[in-house]
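# Structure assessment
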Amino acid sequence: MEKTKTNFSRRAFLKASALVGGGLMIQFSALAKFGLAARGVDAGTTAEWNEINGYIKITADNIIKIICPNPEFGQNVMTSLPMIVAEELDVTWEKVVVEMGPHDNVKLGPQFTGGSNSVRMYWKPLREAGATTRRMLMEAAAQTWGVPVEEVTTKAGVLYHEKSGKTGKYGDFASKAAGIPVPKGVKLKDVKNFNVVRSSQKNVEGTKIISGKPLFGLDYKHEGMLIAMIQHPPAFGMKLKSFDASQALRMPGVKDVFTLKLYEDGFEQGGFDTRTFNDLLVVVGKTTWEVMNARKKLITEWEPTGDTKDTIGGRGGKREVIVPGELENTATQYEKMREYASKPGQELRKDGDPETAFKNAAQIIERTYNAPFLAHNCMEPMNFFAHVTDEKALVVGPLQAPGWTEPTLSKVLKLPADKIEIQMTRMGGGFGRRAYGHYLIEAALISKKAKAPVKLIYSREDDTTYGIYRPMYTATYRAALDANKNLIAFHVKGGGIPEHAIHANRFPAGAIDNYLAEGWQIASNITIGAFRAPRSNFNAAAEQSFLDELAEAMGEDPIDFRLELLKRAKENPVGKNNEYDADRYAGVLKLVKEKSGWNGPEHKKFSRGVAAYFCHNSYAAHVVDMTTKDGQPYVERVFSAMDCGIVINPDAATNMVQGAVVDGIGNSLYGGLTHKNGVVEENNFHKYRIIRMHEAPKKVEVHFVQNDIDPTGLGEPPFPPVFGAVANALYKASGRRYYQQPFSSPQPEIPAV
């Protein structure tokens, strides 16, 4: 049995329990393991806790209510996180009721969804919460029955004393348990005895979703609510010079047209305060349709912004950033990247003597890979409701990181945080886009100016042209072979606009004696942000494509070649900063090789591509089986292998991997955003190509490595290697390599190896 210590005082616990009113509510600090005690408050007041992960509330009728702290956008944390609690609490899942909690960074902690961190971050604290509550209920029953607590057992929410034949539901002892001292050194279940975790459970909101219940930000309604939309500049690098709203104001339903600034001059932005256009031209009216039509009647004049200066705080410390004012073009951007790529980059890692190895090489293989900006394309366009007065603010909508947005909202509105209420709705997609809360700030400022409750809505065109994209990337890979086709050196130099994607300490670093990684970047006014598996989504595509080409040049099977490198990284690793576990990495390759029947003759009709990658603490590998459909390449089947530690909810985990596979196929084949004089050329789905239903694979077979490692993340890791697997399958299908994303675009002519 695993033991863990809690730092939760009896006084704090009693104060929290007094708020429940006859039931038992328990909360645990995310930082308890670091020795930070939770803080209690008096009965009848709002609880003040230090980064609390969740609540357990047991009612008299034995219903277990769990408030989920983390925002939900389809990764199913509203099911998986409560499952962890239910496991240690020893209750049947059917007795659990789940609610989404409001934002409360004191009571519920950071409440951040992203980076595949939800389950990983809450795994231990929620297990502690369930196990400690169960122990306190056992103590309450033992005292009531006058028996030793060691003789009390539990099963499915019921307490038993076998010798006396006494039984009682958890709810019968909830009030008494509130007075029990919180135990230290609570025993956690052996993972081999799990009953709820590792069993498949249906999405707790599934019925609401399929029946059309209001769950999303766009569903939210408020008495007297108006609709607002923003007219932003037509191009990056431009700002509003003047406007005439006389015609728009005569349109039906229009209440007002005005301008305002998102951030005042000199405002110190937090690390996630990314925004594109600072000067806002706003139309407010009764309905979305009326506001959209009125917006078309605005007469606007725009002018170049010139270079601007932003003050950035948060991550990396306070610094000033010069944002260039030019109107950028995709063709020019690629020219700039080629120019930068020809110069030495910043050295990120160096092992051995790669320069000498390349100088003495019998053969050098060099390939360059490029990828465009990508839009997030969330199914639900950006929106947020706000009702701001001089005294307080209520904001409601889809948001990945309320804890990052609240400090900025407080500064902008000049309201203390305790006067701001953030309610989170289910998100119709996030993928990193909703980690940047500028649209919430915009809604709040508009409500304050309009002196009314307002819902800000982006149209699809607004969303696609407003920025916060996946960056534009390039990377050049070089490999040196000796006369016997042995790999003796490896060099990667990557850059991008406005950041590079190189992870210098990941595979194949650690497996090659002579290794060099460099990076560089180009400033831009085109704003970027996290995009599912940030940086890794490109790095994996380029790296895994190059490794396949390298294996072919060396006369080796692509899976066996990777396994040989991983064997070296395990048995005799180079360097000390290798991020990955070579055993786990090799494990997914071996599993996908087995499950796909990699070299089996029965698969000859398919063009097969493989790729594997480590990111966000987990390991993924895919085998893509490609055919031709209507004269076009079609991914008919995919075999996927994952090592993400313990899988909480197998069906939901399988669904997440399948979604990542379809997403990766679509982005690799079709995704791309281009600019002409600062203007986004693909402003909606008629120009921005995404995968269609009939283009999705007929079968995505998912397998998980079975181990007892604590969960290490699942939302992001399956996505990056899909790109490389598709590129490698395309080579088998067409006989040519693919170096330019999207792969459906014209490819540069590069000589074969």
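Values in this document were obtained by computation on a predicted structure and should not be read as measured data. (Residues numbered from 1 in each chain as written. Predicted model: local features only at pLDDT ≥ 70, side-chain atom pairs only at ≥ 80, totals over all residues. Heavy atoms only, no water.)

## Remarks on the overall build of the protein
Helix and strand counts for the protein come out as 17 helices and 32 strands. Scaling as 2.2 N^0.38, a compact globule of 753 residues should have a C-alpha radius of gyration of about 27 Å, and the protein matches this with 28 Å. Oriented by its inertia axes, the alpha-carbon framework of the protein measures out at about 85 × 70 × 50 Å. Considering the protein as a whole, with its 753 residues, one finds that 59% of them fall into the buried category. (Helix = DSSP H or I, 4+ residues; strand = E, 2+ residues; numbered from the N terminus. Rg over C-alpha atoms; globule rule 2.2 N^0.38 Å. Buried < 20%, exposed > 50% of the residue type's maximum accessible area, 1.4 Å probe, protein only.)

## A word on the packing of helix 10 (residues 402-413) against helix 11 (residues 438-450)
At a minimum axis distance of 10 Å, the contact between helix 10 and helix 11 shows a crossing angle of 25 degrees. It follows that helix 10 is roughly parallel to helix 11 by the angle criterion. For the element pair helix 10 and helix 11, the recorded crossing hand is right-handed. Residues Thr405, Thr408, Leu409, Val412 and Leu413 of helix 10 form the contact with helix 11, whose participating residues are Leu440, Ile441, Ala444, Leu445 and Lys448. Residue composition of the contact of helix 10 with helix 11, grouped by class: seven nonpolar, two polar and one charged. (Axes fitted to C-alpha atoms, helices over the stretch in contact; angles between N-to-C directions. Parallel < 35°, antiparallel > 145°, perpendicular 65-115°, else oblique. Left-handed = near helix turned anticlockwise from the far one by under 90°. Contact = heavy atoms within 4.5 Å. Nonpolar A, V, L, I, M, F, W, Y, C, P; charged D, E, K, R; others polar.)

## Thoughts on the pairing of strand 20 (residues 383-388)
Taken across its six residues, strand 20 has five buried, putting it largely inside the fold. Summarising the sheet, strand 20 and strand 21 (residues 393-397) pair through four bridges and their orientation is antiparallel. Residue pairing across strands places Val388 opposite Ala393, the latter belonging to strand 21. What sits between strand 20 and strand 21 in their antiparallel hairpin is a turn of four residues. (Pairing = 2+ DSSP bridges.)

## Topic: the nonpolar core
A general tendency of soluble globular proteins is for nonpolar side chains to be buried together. The biggest cluster of nonpolar side chains holds 114 residues, and the ones touching the most others in it are Ile446, Leu487, Phe490, Leu550, Tyr580 and Tyr585. Per-element tally for this core: the top contributor is helix 13 (residues 536-553), with nine residues. Counting 45 residues, the second-largest nonpolar core is a separate cluster that includes Ala86, Ala129, Leu137 and Val149. (Core = buried A, V, L, I, M, F, W, Y, C linked by side-chain atoms within 4.5 Å.)

## Some remarks on helix 15 (residues 582-596)
Taking 1.5 Å of rise per residue, the 15 residues of helix 15 would be expected to cover 21 Å, and the 21 Å separating its terminal C-alpha atoms lies within 8% of that figure. All of the buried residues in helix 15 are Ala582, Arg584, Tyr585, Ala586, Val588, Leu589, Leu591, Val592 and Ser596. Two to three positions downstream of the cap, the backbone nitrogen of Asp583 sits 2.9 Å from a side-chain oxygen, assigning the N-cap of helix 15 to Asp581. Directly after helix 15, the chain includes Gly597, whose backbone phi takes a positive value near 60 degrees. (Expected span 1.5 Å × (residues − 1). Polar contact = N/O pair within 3.5 Å; in protein donor to acceptor, adjacent residues only side chain to side chain.)

## Things to note about the packing of aromatic side chains
According to the stated counting rule, one finds 30 aromatic pairs in the structure shown. Between Phe73 and Phe431, the aromatic rings sit 6.5 Å apart at their centres with planes inclined by 45 degrees, giving tilted as the arrangement. Placement of the pair is Phe73 in the loop between strand 4 (64-68) and helix 2 (77-89) and Phe431 in the loop between strand 22 (420-424) and helix 11, with a sequence separation of 358 residues. Taking the relative accessible area as the measure of exposure, Phe73 reaches 19% and is therefore buried. Look at Phe431 and you get partly exposed, because its relative accessible area is 29%. An angle of 5 degrees between the planes, with centres 6.1 Å apart, marks the rings of Phe490 and Tyr515 as stacked. Taken as a pair, Phe490 in strand 25 (residues 487-497) and Tyr515 in strand 26 (residues 514-519) lie far apart in primary sequence, 25 residues in all. Each member of the pair, Phe490 together with Tyr515, is buried. Every member of this aromatic cluster is reached through a ring pair, and the members are Phe236, Phe277, Phe373, Tyr458, Tyr466 and Tyr469. (Phe/Tyr/Trp six-rings, centres within 6.5 Å; stacked < 30°, edge-to-face > 60°.)

## Examining the sheet that holds strand 7 (residues 158-161)
Within the open sheet, the three strands sit side by side as 6-7-8. Their pairing is antiparallel. The sheet terminates laterally at strand 6 (152-155) and strand 8 (166-169), the two strands that pair on one side only. Going from strand to strand, the sheet's axes swing by 25 degrees on average, the running direction of each strand aside.

## Re unusual backbone geometry
Residue Pro508 is reached from Phe507 by a cis peptide bond, and omega for that bond is 10 degrees. Residue placement: Pro508 occurs in the loop between strand 25 and strand 26. In the segment running from Gln741 into Pro742, the intervening peptide bond is cis, with an omega of -5 degrees. Position of Pro742 relative to the elements: it lies in the segment after helix 17 (720-734). Notably, Lys414 is not glycine yet its phi reads approximately 60 degrees, a positive angle. Examined against the element boundaries, Lys414 turns out to sit in the loop between helix 10 and strand 22. Residue Lys414 is classed as exposed on the basis of its relative accessible area, which comes to 69%. A positive phi angle, near 55 degrees, is found at Lys451, a position not held by glycine. Tracing the chain through its elements places Lys451 in the loop between helix 11 and strand 23 (454-457). Taking the relative accessible area as the measure of exposure, Lys451 reaches 72% and is therefore exposed.

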